[in-house]
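One-letter residues, chain by chain:
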Amino acid sequence: MSAVAWPVERLRAREVRISRVAIGLAGLLVGSFFLRTTALHAHFWIDEGLSVGIASHHLSAIPGILREDGSPPLYYLLLHVWMSIIGGDGEARTHALSLAFSLICIPAAFGAAWRLFGTRAAWIAGVLAALSPFLTWYAQETRMYSLVALLSLCAGATFALVFALGRRQWLPAFSVSLALLLYAHNWGLFLCAGTLAAFALILLDARERRPLLRDGLIGYGAALVLYAPWLPSLLFQSEHTGAPWANAPNLWHDTLHALSNVLAGTVPAMAILLTAGSGLIALLSMRGTAIEGRARFQDRPPQARAALALGVMIVTGIFFAWVASQITPAWANRYFASFVGPLLLLISVGLTYARRFGLVGLAIVAVYWLNPHTGQINAKSDAHNVAILVRDTLKPGDLVVSTHPEQTPLMYYYLPPGLRYATSMGPVSDPRVMNWVDALDRLKAAGPKRTERKLLKTMRPGQRLLLVQPILRTARWGAPWTKLVKRRSVQWEHALDGDPRLERTLTAPVFGYGPLPHGVRAIVYTMRY
């Protein structure tokens, strides 16, 4: 072969490989798109009402509003811009933003695994990202979790590239992706803590610590500079908001349940544990050649170093989340989106090094993940149906009182315009937002009869009062906030039923003997005099 023909053949072979990759990724994207749009038109539930309500404010007002909510601003700012571009806040239109983030996870997972672990791991990571029921579920919900999963993937992968594999050119990407993750969800702080634990392990076992320490200071320092403008709001939120609706988690039961939820059930979780676990054991058992003395972190094969870094950041990050939730409970399965990205990468390399056993595991997981039970998304809340049942009885100026205060933005979204809103804590000036600032203390201080008297003074004869209550028998209501919400809901119904000025005219829905829906029930009262 001539000297000219050889480069040409190499160029053609590279073009063929790129074409195959593009075709393969396109196939995964198309298949995942159809999988993740079966419930795209599903109606909102509580949290989605909060998302749309906050994002409907002026762009410059959103960060200040979020001081009352307890969340960082990135997703809400993006949702505001998205709604402006697509021209509406309908369910399918806002779900489409989450769908976009979940689909971007596919090429992102492929590219990250390819650079960290090679071609085979890249294809496995792409398949896992395309089929992941966690991403499928949150692709059809107007919340930030598919964005958080994407950013956790970017932050975890770039950390491993920079600090485990020594590829310094990825340092700016690590700083930016970590800062964006922190701006997307507060649980990004726990993944950040996990990366610090992995960094400490790498640093302590390094032969040359000075360049590694320098890169760490630059990478984390840049992320801190980017995140610094939000720190005052974070400190205010940590002191005055929190999650009083959550219970302190059990270390093993709640953690394993959350991971099983992320992996869509016990069977796929066990298949991953056995197959990917065996592959990771085989990979981490590999030893490189020690230059002197004992084998250090840098002496391991590159894939083993990256896998170890990902494993440490996941395990320690989850542990930090558990510890923090013992002090101030803020634990929910959906928050594990902050670990989904690194977890998918770790599973992909484990399945790769399990060889044929890994392919069997991947096949089992794929079979289960192809049925993500997205029909359940349509049953998240009956708020839309309740609003349809009562809206014809309401006129502008009528009063809506929600004894489950965080339901107010959702009911505002679905009920007709012109209504006035209140909660069991009193009148609400902006029904698109739930004010969580010292909410538990305010709800304790708001006596039902005293609050009811003040609200009824604002009503005229013939006006309607719509009482919106949670369906109590569909949950345990054991956390401090939910326990008090349950008590206030019962107290408010008794108080209104016993008030001679009010006549109970409608209850919706009327439950039969079948399973109760999740969401709310409503009672319409008419003011007599």
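Just so you know, these numbers come straight off a predicted model, no measurement behind them.

(A) Summary view of the pattern of salt bridges. This structure, assessed with the given rule, holds ten salt bridges. The partner of E141 in a salt bridge is K380, and the shortest N-O contact between them spans 3.7 Å. Of the two residues, E141 sits in the loop between helix 7 (133-138) and helix 8 (145-164) while K380 sits in the loop between helix 17 (356-369) and helix 18 (383-390), which places them 239 residues apart along the sequence. An identical accessibility class is assigned to E141 and K380; each is buried. For R521, the salt bridge goes to E493, with nearest N and O atoms at 3.2 Å. Of this pair, R521 sits in strand 6 (residues 520-527) while E493 sits in helix 22 (residues 480-497); the two residues are 28 residues apart in sequence, bridging distant segments of the chain. Just as R521 is buried, E493 falls in that class too. A cluster of three or more residues bridged by salt bridges with shared partners is formed by E493, D497, R504 and R521.

(B) Main features of empty space enclosed by the protein. Per the stated rule, a full pass over the model turns up two cavities of 30 Å³ or more. In this structure, the largest cavity encloses a volume near 40 Å³. In terms of lining residues, the largest cavity is bounded by S132, V262, L263, V340, L343, L344 and W369. It is helix 16 (residues 337-353) that provides the largest number of residues to the lining of the largest cavity, a total of three residues. Across the lining of the largest cavity, the residue classes tally to six nonpolar, one polar and no charged. Counted as a void, the second largest cavity has a volume near 30 Å³. Every residue lining the second largest cavity is listed: C105, L135, A149, L153, V340, G341 and L344. For the lining of the second largest cavity, the elements supplying multiple residues, two or more each, are helix 8 and helix 16. When residues of the lining of the second largest cavity are assigned to their parent elements, the largest contribution, three residues, is made by helix 16. Residue composition of the lining of the second largest cavity, by class: six nonpolar, one polar and no charged.

(C) Here's a closer look at the nonpolar core. Among the nonpolar cores identified, the biggest contains 137 residues, and F159 and L415 are the most heavily contacted of them. It is helix 8 that provides the largest number of residues to this core, a total of 15 residues. Discounting chain neighbours no more than four positions away, the residues touching F159 are A164, F174, T195, A198, F199, I202, Y220, A309 and M313. Ranked by size, the runner-up nonpolar core spans 14 residues in total, among them M459, W492, L496 and I523.

(D) The arrangement of unusual backbone geometry in detail. With an omega dihedral of -5°, the bond running from A508 to P509 counts as a cis peptide bond. Relative to the elements of secondary structure, P509 occurs in the loop between strand 5 (502-508) and strand 6. If you check the backbone angles, A264 has positive phi at about 70° while not being a glycine. Positionally, A264 belongs in the loop between helix 13 (253-262) and helix 14 (266-285). Owing to a relative accessible area of 34%, A264 belongs among the partly exposed residues under this scheme.

(E) Fine view of the sheet that holds strand 3 (residues 426-427). The strand order across the open sheet built from six strands is 3-2-1-4-6-5, with neighbouring strands paired in mixed fashion. Both edges of this open sheet fall to strand 3 and strand 5, since each of them pairs with a single strand only. In this structure, strand 4 (residues 464-470) lies alongside strand 6, joined through seven bridges in antiparallel fashion. From the neighbouring strand, R464 faces strand 6, where its bridge partner is T526. Relative to the sheet, helix 22 contacts strand 1 (399-402), strand 4, strand 5 and strand 6, its axis offset from that of strand 4 by approximately 150°.

(F) Representation of the layout of surface pockets within the structure. The computed volume of the second largest pocket comes to approximately 750 Å³. Lining the second largest pocket are 24 residues, and of these L256, L259, L273, V315 and L343 sit closest to its centre. Within the residue set of the lining of the second largest pocket, elements represented by two or more residues are helix 13, helix 14, helix 15 (302-327) and helix 16. The dominant element in the lining of the second largest pocket, judged by the number of residues it contributes, is helix 14, at eight residues. Class assignment for the residues of the lining of the second largest pocket results in 19 nonpolar, five polar and no charged.

(G) The arrangement of the packing of helix 8 against helix 9 (residues 171-184) in detail. Relative orientation of the contacting elements helix 8 and helix 9 amounts to 150°, with a least axis distance of 8 Å. Between helix 8 and helix 9, the angle is such that the two are roughly antiparallel. Every pair of crossing elements has a handedness; the one defined by helix 8 and helix 9 is left-handed. Contacts between helix 8 and helix 9 involve L147, V148, L151, S152, C154, A155, T158, F159, V162 and F163 from the first element and L171, A173, F174, S177, L178, L180, L181 and A184 from the second. Residues of the contact of helix 8 with helix 9, tallied by class, amount to 15 nonpolar, three polar and no charged.

About the thresholds
Residue indices begin from 1 for each chain and proceed along its sequence in written order. Local features in this predicted model are restricted to residues whose pLDDT is 70 or higher, and side-chain atom pairs enter the listing and the counts only when it is 80 or higher, whereas totals over whole chains, interfaces and linings include all residues. To get the side-chain values, all heavy atoms of the structure are used, and hydrogens and water are removed first. By salt bridge we mean one thing: a side-chain nitrogen of Lys or Arg within 4 Å of a carboxyl oxygen of Asp or Glu. Counting from the N terminus, the helices are the DSSP runs of H or I reaching at least four residues and the strands are the DSSP runs of E reaching at least two. With a 1.4 Å probe rolled over the protein chains alone, any residue whose accessible area is under 20% of its type maximum counts as buried; one over 50% counts as exposed, and the rest are partly exposed. A cavity here means a set of points on a 1 Å grid, drawn over the protein atoms and nothing else, where a 1.4 Å probe fits but cannot get out; a pocket is an open set with protein on both sides within 12 Å along at least five of seven lines, and a residue lines either one if it has an atom within 4 Å of a point. Grid points are joined across faces, edges and corners, and a volume is the space filled by probe spheres set on the points. Put simply, Ala, Val, Leu, Ile, Met, Phe, Trp, Tyr, Cys and Pro go in the nonpolar bin, Asp, Glu, Lys and Arg in the charged bin, and everything else, Gly too, in the polar bin. For this analysis, a nonpolar core means a set of buried residues of the types Ala, Val, Leu, Ile, Met, Phe, Trp, Tyr and Cys, connected via side-chain atoms within 4.5 Å. Here a residue-residue contact requires only that any non-hydrogen atoms of the pair lie within 4.5 Å. Any two strands with at least two DSSP-identified bridges between them are counted as paired. Interaxial angles span 0 to 180 degrees and are taken between N-to-C directions of axes, which are lines fitted to C-alpha atoms, for helices over the stretch in contact. These descriptions rest on fixed angle ranges, namely under 35 degrees for roughly parallel, over 145 for roughly antiparallel, 65 to 115 for roughly perpendicular, and the rest for oblique. Left-handed describes a crossing in which the near helix is turned anticlockwise from the far one by less than a right angle; the clockwise case is right-handed.

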